[in-house]
Amino acid sequence: MSGYYGECTDRPGGMDTGRTSGDCVEVRVTISGQSGVAEAVREAKRTAAKAGFGRSGKMRVATVVSELANNIRFYAGEGRIIIRTITGPSGEWIEIVAEDEGPGIEDVEKAMHDGFSMGGGLGVGLPAVKRMSDDFLIESTQGRGTRVTARIRA
Ligand SMILES: Nc1ncnc2c1ncn2[C@@H]1O[C@H](COP(=O)(O)OP(=O)(O)OP(=O)(O)O)[C@@H](O)[C@H]1O
Ligand SMILES: [Mg+2]
């Protein structure tokens, strides 16, 4: 089991969940080739269930993690998925961070359009992740890597 459980390693920013220290826990899963994708999806389902997400919420969290983990696997080879549960006055949130030090995305705006794929896929992964998220951020620098942050409310 390559997952690591513990207190959040950094503060989720940019969203007013009203979180205070101590109410954020996270699990980290290393993605390396094919290894880690299934584990990340398992952890996503487990975390969502624990946070009280219903059937469709659990499905969204698992699908987002699956899409982002597979993108790391196909386009970067290696990276990590961090799944955080944040408790705030507006309820439970799950924050998913997918980051890698791979080649980065040449044109992020294009990559966010349905049907754009550089890898022979359907090109629907990232747009679907955005639609399933209540809060979505993609940062990518060519030659440096990619980080996607998706937040989903219970
Ligand atoms: N982590 C990443 N590193 C580098 N490029 C990426 C990464 N994630 C996505 N991309 C680029 O963005 C494009 C769009 O990604 P998206 O997930 O939407 O579609 P896809 O992976 O090509 O197909 P699908 O997800 O539908 O199977 C990819 O084809 C790839 O060029
Ligand atoms: Mg994809």
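Above this text is the structure in question.
Predicted model only: the values in this text are computed from it and were never measured.

Student: With reference to specific residues and values, describe the site of ligand 1.
Tutor: Taken together, the neighbourhood of ligand 1 is formed by 22 residues, with Ser-117, Met-118, Gly-121, Gly-125 and Leu-126 sitting nearest. Mapped by element, the contributors of at least two residues to the shell around ligand 1 are α2 (55-76) and α4 (125-132). A per-element tally of the shell around ligand 1 places α2 first, with five residues. Tallied by class, residues from the shell around ligand 1 come to eleven nonpolar, nine polar and two charged.

Student: How would you explain the pairing of strand β3 (residues 78-88) if you had to name every residue and give the values?
Tutor: The sheet contact formed by strand β2 (residues 24-32) and β3 spans nine bridges and is antiparallel. Residue Thr-30 lies in a different strand from β3, and its bridge partner there is Arg-80. Relative to strand β4 (residues 91-100), β3 runs antiparallel, the two being bridged by nine bridges. Bridge pairing links Ile-86 to Trp-93 in β4. Between β3 and β4, which pair antiparallel in sequence order, lie two residues.

Calculation notes
Residues numbered from 1 in each chain as written. Chains lettered and ligands numbered in written order. Predicted model: local features only at pLDDT ≥ 70, side-chain atom pairs only at ≥ 80, totals over all residues. Near = placed C-beta within 6 Å. Helix = DSSP H or I, 4+ residues; strand = E, 2+ residues; numbered from the N terminus. Nonpolar A, V, L, I, M, F, W, Y, C, P; charged D, E, K, R; others polar. Pairing = 2+ DSSP bridges.

Worth remembering: the numbers are spatial, not functional.
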